[in-house]
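Here is how the chains run, residue by residue.
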Amino acid sequence: MTSPQPAETRTNGRSSQTATLAEIAREAGVSAPTVSKVLNGRADVAPGTRSRVEELLRTHGYRRRRAEATRSPLIDLVFHELESAWAMEVIRGVENVARDAGLSVVLSESAGRLTPGRTWADQVAARRPHGVILVLSGLDESGRALLTSRSIPFVVMDPAGDPGTDVPSIGATNWQGGLAATRHLVELGHTRIGAISGPSRMMCSRARVDGYRAALDTAGLPVDPELIVTGDFHHDAGYQLGLALLRREDRPTAVFAGNDLQALGLYEAARELGLRIPEDLSVVGFDDLPVARWVGPPLTTVRQPLTEMAEAAARLVLDLGKGEDSSTATRVELATSLVVRSSTAPPARA
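Since the structure is predicted, the reported quantities are computational estimates derived from the model, not experimental observations.

Scoring rules and cut-offs
- Residues numbered from 1 in each chain as written.
- Predicted model: local features only at pLDDT ≥ 70, side-chain atom pairs only at ≥ 80, totals over all residues.
- Heavy atoms only, no water.
- Helix = DSSP H or I, 4+ residues; strand = E, 2+ residues; numbered from the N terminus.
- Buried < 20%, exposed > 50% of the residue type's maximum accessible area, 1.4 Å probe, protein only.
- Contact = heavy atoms within 4.5 Å.
- Areas by Shrake-Rupley, 256 points an atom, 1.4 Å probe, with all protein chains shown as cover.
- Phe/Tyr/Trp six-rings, centres within 6.5 Å; stacked < 30°, edge-to-face > 60°.
- Lys NZ or Arg CZ within 6 Å of the ring centre and 35° of its normal.
- Patch = residues over 30% accessible without salt bridge, like charges linked within 9 Å, V, L, I, M, F, W, Y side chains within 5 Å.
- Salt bridge = Lys/Arg side-chain N within 4 Å of Asp/Glu carboxyl O.
- Lys, Arg positive; Asp, Glu negative; His and termini not counted.
- Charge placed at Lys NZ, Arg CZ, Asp CG, Glu CD.
- Expected span 1.5 Å × (residues − 1).
- Core = buried A, V, L, I, M, F, W, Y, C linked by side-chain atoms within 4.5 Å.
- Axes fitted to C-alpha atoms, helices over the stretch in contact; angles between N-to-C directions.
- Parallel < 35°, antiparallel > 145°, perpendicular 65-115°, else oblique.
- Left-handed = near helix turned anticlockwise from the far one by under 90°.
- Nonpolar A, V, L, I, M, F, W, Y, C, P; charged D, E, K, R; others polar.

Caption draft 1: Broad picture of the overall build of the protein chain. Scanning the protein chain from terminus to terminus reveals 12 helices and 14 strands. Looking at the 350 residues of the protein chain, the share that counts as buried comes to 52%. For the protein chain, restricting intrachain contacts to residue pairs at least 6 apart in sequence, the fraction spanning at least 24 positions comes to 73%. A total of about 15,400 Å² of accessible surface is found on the protein chain, and carbon and sulfur atoms cover 50% of it.

Caption draft 2: Highlighting the packing of aromatic side chains. Tallied over the entire structure, the rule returns 1 aromatic pair. Arranged with centres 6.5 Å apart and planes meeting at 50 degrees, the rings of Phe256 and Phe286 form a pair that is tilted. Taken together, the residues Phe256 in strand β10 (residues 254-257) and Phe286 in strand β11 (residues 282-287) connect sequence positions 30 residues apart. For Phe256, a relative accessible area of 2% gives the class buried. For Phe286, a relative accessible area of 0% puts it in the buried group. A cation over a ring is seen here: Arg208 above Phe286, with NZ or CZ 3.8 Å from the ring centre.

Caption draft 3: Region of the structure containing the environment of Val255. Mapped onto the fold, Val255 is located in strand β10. For the pair Val255 and Leu227, spaced 28 residues apart in the sequence, the C-alpha separation amounts to 8.9 Å.

Caption draft 4: Fine view of a negative patch on the surface. A cluster of acidic residues, Glu83, Glu109, Asp232 and Asp236, forms a negative patch on the protein surface. Position of Glu109 relative to the elements: it lies in strand β4 (residues 104-109). By relative accessible area, Glu109 is classed as partly exposed at 45%.

Caption draft 5: The arrangement of helix α12 (residues 306-322) in detail. Given a rise of 1.5 Å per residue, 17 residues ought to cover 24 Å, and the 25 Å separating the end C-alpha atoms of α12 matches this to within 8%. For α12, the tally of buried residues reaches 13 of 17 residues, placing the bulk of the element in the interior.

Caption draft 6: Highlighting the nonpolar core. Core analysis: the largest hydrophobic core is formed by 35 residues, its most contacted members being Leu77, Ile133 and Met157. Mapped onto this core, the elements with two or more residues apiece are β3 (74-79), α4 (85-100), β5 (131-135), β6 (154-157), β7 (169-172) and α12. Ranked by the residues each element gives to this core, the list is headed by α12, at 10 residues. With sequence-adjacent residues up to four places away left out, Ile133 is seen in contact with Ile75, Asp76, Leu77, Val78, Val94, Val155, Met157, Ala313, Ala314 and Val317. Within the second largest apolar cluster, 19 residues are counted, among which are Leu264, Ala270, Leu275 and Leu281.

Caption draft 7: Here's a closer look at the packing of helix α9 (residues 235-246) against helix α10 (residues 260-272). Direction vectors running N to C along α9 and α10 enclose 45 degrees, while the axes themselves pass 6 Å from each other. Between α9 and α10, the angle is such that the two are oblique. Here the hand of the crossing between α9 and α10 comes out right-handed. Across from His235, Ala237, Gly238, Tyr239, Gly242, Leu243 and Leu246 in α9, the residues of α10 making contact are Leu261, Gln262, Leu264, Gly265, Leu266, Glu268, Ala269, Ala270 and Glu272. Residues belonging to the contact of α9 with α10 are distributed by class as follows: 9 nonpolar, 5 polar and 2 charged.

The structure is reproduced here in structure tokens:
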């Protein structure tokens, strides 16, 4: 009888030997078909057995050979939240690449969590897609190990935190965008400029506010922490926080909103308080969603090339799936640019 073929080389640096399904099964005290079921995301495996096998797969750095990893004609696209025009731009970009490659796109949402849960991971293992793209999200160590062991490549787009040096990712020049937005307001003559940031747990939010601070500092203007408020990238946050900023006795004459949706909420707050844009208040957003051109007055904003970022993420995940070594990290940042429209103007004379 022939001996089992090696599954893949160990990649954790502890051994140059090979690990077979039979060896992993023997260590786990189960059969090789049971290990195969775990690899394929089958539900008919006891939770304790599944955990034991997954731990051994991680320990051995097991990676299924691509010749054995039959793939479905799918790309998994995972959002932490799926409820805005922002997401539609990303979907459009991934669809553009998937369509040309003869693939379909499966959408998932992690209900606001920055890492998808174990149920999602098992479903991906069962689907065996060509690749996974995670948007404003990421993977914990066990999630990475699960995808790696199945030879399913993954890319993080606009990572929420530091994705690590070994995780391929696509982002944008958020710091430069925040700098450009605030510098535009400074050059118009504004000296009291507020900021409505996104969630502080997200790297892109922090980078945009850091760019805002840098622009003020470079101009010799003080950074007033009372004028920096933290939102959640949604319209209601822009409205509620906008009301708080604009009701101040020493209200700002301009506000940099962390994204277009919060800028539109700020528009609503200004109207409610009888303030005109841009005569009484200048507003800059971030993203350049289609609605930014349609709102009245059209919104000055920082263009984040969302569709292009999504296309780049899709191409990268497919390229990784074709390569012999998908462990090589790739970090790409696409340029942002300021788009000046009618929501900004010099401040009114006192």
